[in-house]
Every structure is written in structure tokens, then in C-alpha cells.
Amino acid sequence: VSGEGMTPPQRILFPPEKICMDWRQKRRPGAGLYNLGNTCYLNVVLQCLTYTPPLANYLLSRQHSRFCHQQGFCMMCIMEDHVRKVLYSSATAIRPRAVIRDLKCEQCQVLPQFSFPPCRGELLTSCLVIGEFKPDIPGDAYEFLRCTVSAMQRACLSGSSDSDLSSEETTIIHQIFGGILRFRVTCLSCEAVSDSYSVFLDILLKIKATSSLTTALEVFVTPKQIDGKKCFKCSKCKKMVAASKRVTVHEAPRVLTVCLGRAGDGSSRKISQVVEYPEYLDLRPYMSDTAGEPLLYSLYALVVHSGDTCLGGHFFCYTKASNGQWYKMNDVSVDSCGIHTVLGQQAYLLFYAR
């Protein structure tokens, strides 16, 4: 991707041509996961990542651990062992004790209380940490997902401290989950345009007053006016002016992860409305360049939260195994289901693959 303000990487840490989007091995679904005390939020994230084909293919190849020289904690090595154990185990369920015991994030101190991410339209920047795991404290699946993906990213950068920022965005994690957003600000006086870009690993969407994922995406890319106290200083007008700001997907990820923000504004109230989502999603209408062929994604996993508020409840998920069949994964139970059941859920997290 080229554009003003975008610096090309000095080196590619993982060649994109080596990513395999289809399962290399087709087999029955793997084991369920024991709930070790309010760990359903952890289980659903581990299952959705386990059934992310390009990530699972890479982890099963053990390509990372064979060359890993990181001392102590390494999230990629932990995930390698976990995915292999889940998919190759003959047991109906396993205990993810290794993940709970070893997962750490250096930037946080305590496991946060259960809370949905605030529905403000921007991505969360804080990560959660399990340093001293307390099974009696529930957590949020989206926060745990972001923590896990961030920890895998840091593991991929071990030994690459001299890399520039653009190069760091070419790891296997960014090659799979990473995309680029374009923020275009247009002066309403002289129509001068200013573009900036930001890398993303997932997208948080507002769903209040929306009935479908496509409607939420339309709202996401709809221009918003900047005026009043939020005036924009135009480089051409040389003064503070009213402007419009529009966010679009500039580079599409191979795997699109979407969080439907179900948190009520400033309260524990949960937005429980039905938000329809398709099995196949065309991302082209939400791109910076809307011309060209459809950009099709296929749903392969989703997380559901049951409960009336954000202060409690239960997480379970649906995943599409390598045999092409959908399964409901509710802690230890793994039950076959149809696509109509999958599409009829009150989804919280959605996973789509190109």
C-alpha cells in the first residue's frame, strides 16, 4: 500500500506468500475446554483462534518454536502447544492450565473485572494481563482476545528490536489479522483533503440503532462533521475551520475480526438487540477504493454472550472446523449445528476470513 505518510517496511518479517488460508489438514473437531472457574471468556477466544485456518496452519507447523530463542514466557510457543493439544487430543475436553499459568502481559498489573469495551467508536488500547490468575474473577472475551493477539505479536518481534515500525507490522500476526484504516479530513471551506493512516487488528462497531452488520459498517464509514470546539486547522486556509472526517478500510486484512459493541453508555446495561450478520460479507463498499471486484469474506467463528447486563453472564462460541461443519463450543461440550443456528445468534465477536 502506498500513500502520503505511509512508510514502506525495510524488511518483511514473514512473507505473505507463505500464508495458507485453507486448512492443510482436514479432521474432526478438536476437544472442548474445561471451565476452570469463570474462564468461559478465555475458552471462547482460544477456540476461535484455534479454528482460524492460517494461524492454526502456522502454529501446527511449529515454525516459530523451532527458531524461538526467547527466554521464559512466549505466547506463540504457548499457542503452538495449546492448538496442537486441542486438535490432536483424543480426549473430549482438556484443561487449558498452561495458558492460564503462563499467559502474562508486561504492561498491566491485575486482571480487570468483567466489562464490555466502551462503545465509543475507537479501539481499546489497554490490554489485560494474567500474572496471578484468579479464577473467581470473570473477564471479557474482547479484552482477552486483544491481549492474546498483542502477546503473540510481541513474541514474533523477539530478537527483532532493531526493526522499524513498518517492518514490525509484517509479522505473521499482522499478515493475518492486520489491516489499515484511512482517516480523510476534508475542509468544508476550500475542500482541501488531508489523509492519515492507522494499522488495526480488529474493528469495534457501534450497534445502537442498527439492525445489521452491514448497517453498522455503513455508519462506521459515514463522514462525520467536525465543527464547534473540534474545529480542524486547514493547512490550505491556515485557520480553524469546519471539516468532515471519514474512516475507510484502506488495506483489508486476511482475517477480519469485528466486535459489536454491546455496552451501554456509561452503565452496565447491555445492548441486547438483534444484529443480523451474513455468512458471506463483501467488504468492498467500506474500502477507500470502492471500485473493483467484490472483496468477499466467509464467517468461520463467532462469540456469543448470554446475560442481561455487562456485569455477569456466560460466553460460548461457534466455530467452523476443518471438515467444513459448524460446532457450538460451550466449555467442555462440542456439538454439531447448522448454519441457520449460527446466523441466529446475538453475536458479540465475529471472525471472517478472506
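Definitions and limits used
- Residues numbered from 1 in each chain as written.
- Predicted model: local features only at pLDDT ≥ 70, side-chain atom pairs only at ≥ 80, totals over all residues.
- Heavy atoms only, no water.
- Helix = DSSP H or I, 4+ residues; strand = E, 2+ residues; numbered from the N terminus.
- Buried < 20%, exposed > 50% of the residue type's maximum accessible area, 1.4 Å probe, protein only.
- Contact = heavy atoms within 4.5 Å.
- Core = buried A, V, L, I, M, F, W, Y, C linked by side-chain atoms within 4.5 Å.
- Salt bridge = Lys/Arg side-chain N within 4 Å of Asp/Glu carboxyl O.
- Axes fitted to C-alpha atoms, helices over the stretch in contact; angles between N-to-C directions.
- Parallel < 35°, antiparallel > 145°, perpendicular 65-115°, else oblique.
- Nonpolar A, V, L, I, M, F, W, Y, C, P; charged D, E, K, R; others polar.
- Pairing = 2+ DSSP bridges.

Novice: Outline the overall build of the chain, supporting the account with residue identities and numerical values.
Specialist: Of regular secondary structure, the chain possesses nine helices and 16 strands. For the chain, buried positions account for 49% of its 354 residues. If you take every contact in the chain between residues at least 6 apart in sequence, the share linking residues at least 24 apart comes to 69%.

Novice: Describe the nonpolar core, listing the residues and the values that go with them.
Specialist: Grouped together as the largest cluster of nonpolar side chains are 58 residues, with contacts concentrated most on Met76, Ala141, Met152, Ile172, Ile173, Val303 and Leu349. Ranked by residues supplied to this core, first place goes to helix 5 (residues 141-156) with nine residues. With residues up to four places along the chain from it excluded, the contact list for Ala141 reads Tyr41, Val44, Val45, Val303, Phe315, Tyr348 and Leu349. In this structure, Val221, Val247, Leu281 and Tyr352 belong to the second largest nonpolar core, which totals 36 residues.

Novice: Before we move on, could you go through the environment of Leu296 and cite the residues and values that matter?
Specialist: Mapped onto the secondary structure, Leu296 falls in strand 12 (residues 296-306). Its relative accessible area of 53% is what places Leu296 among the exposed residues. Once the C-alpha coordinates of Leu296 and Arg354 are considered, the two residues, 58 residues apart in sequence, prove to be 6.1 Å apart. Once residues within four sequence positions are removed from consideration, Leu296 is found in contact with Leu281, Asp282, Ala353 and Arg354.

Novice: How would you sum up the pattern of salt bridges? Please name residues and give values.
Specialist: Two side chains that carry opposite charge are able to pair once their charged atoms sit near each other. Tallied over the full model, the rule gives four salt bridges. Residues Glu80 and Arg62 are paired through a salt bridge, measuring 3.8 Å at the closest nitrogen-oxygen approach. Placement of Glu80 in helix 3 (residues 75-88) and of Arg62 in the loop between helix 2 (53-60) and helix 3 is noted, with a sequence separation of 18 residues between them. Note that Arg146 is salt-bridged to Asp202, the shortest N-O span being 2.8 Å. Taken together, the residues Arg146 in helix 5 and Asp202 in the loop between strand 4 (193-200) and strand 5 (203-206) connect sequence positions 56 residues apart. Of the residues examined, Arg146 reaches a relative accessible area of 16% and is grouped as buried. What you see here is one network of salt bridges that share partners, running through Arg62, Glu80 and Asp81.

Novice: Let's hear about the packing of helix 3 against helix 5: which residues, and what values?
Specialist: In contact at an axis separation of 7 Å, helix 3 and helix 5 are set at 115° when each is read in the N-to-C sense. The angle between helix 3 and helix 5 falls in the class roughly perpendicular. Counting all contacts with helix 3, which are made through Met75, Met76 and Met79, the residues of helix 5 involved are Thr148, Ala151, Met152, Ala155 and Cys156. Residues belonging to the contact of helix 3 with helix 5 are distributed by class as follows: seven nonpolar, one polar and no charged.

Novice: A description of the pairing of strand 16 (residues 347-353) should follow, citing residues and the corresponding values.
Specialist: Counted residue by residue, strand 16 has seven buried out of seven residues, so it is predominantly covered. Inspection of the sheet shows strand 10 (residues 255-261) paired to strand 16 by five bridges, in the antiparallel sense. Paired with Leu256 across the bridge in strand 16 is Tyr352. As judged from the six bridges shared by strand 12 and strand 16, these two strands associate in the antiparallel manner. Across the sheet, residue Leu299 finds its bridge partner in strand 16, namely Tyr352.

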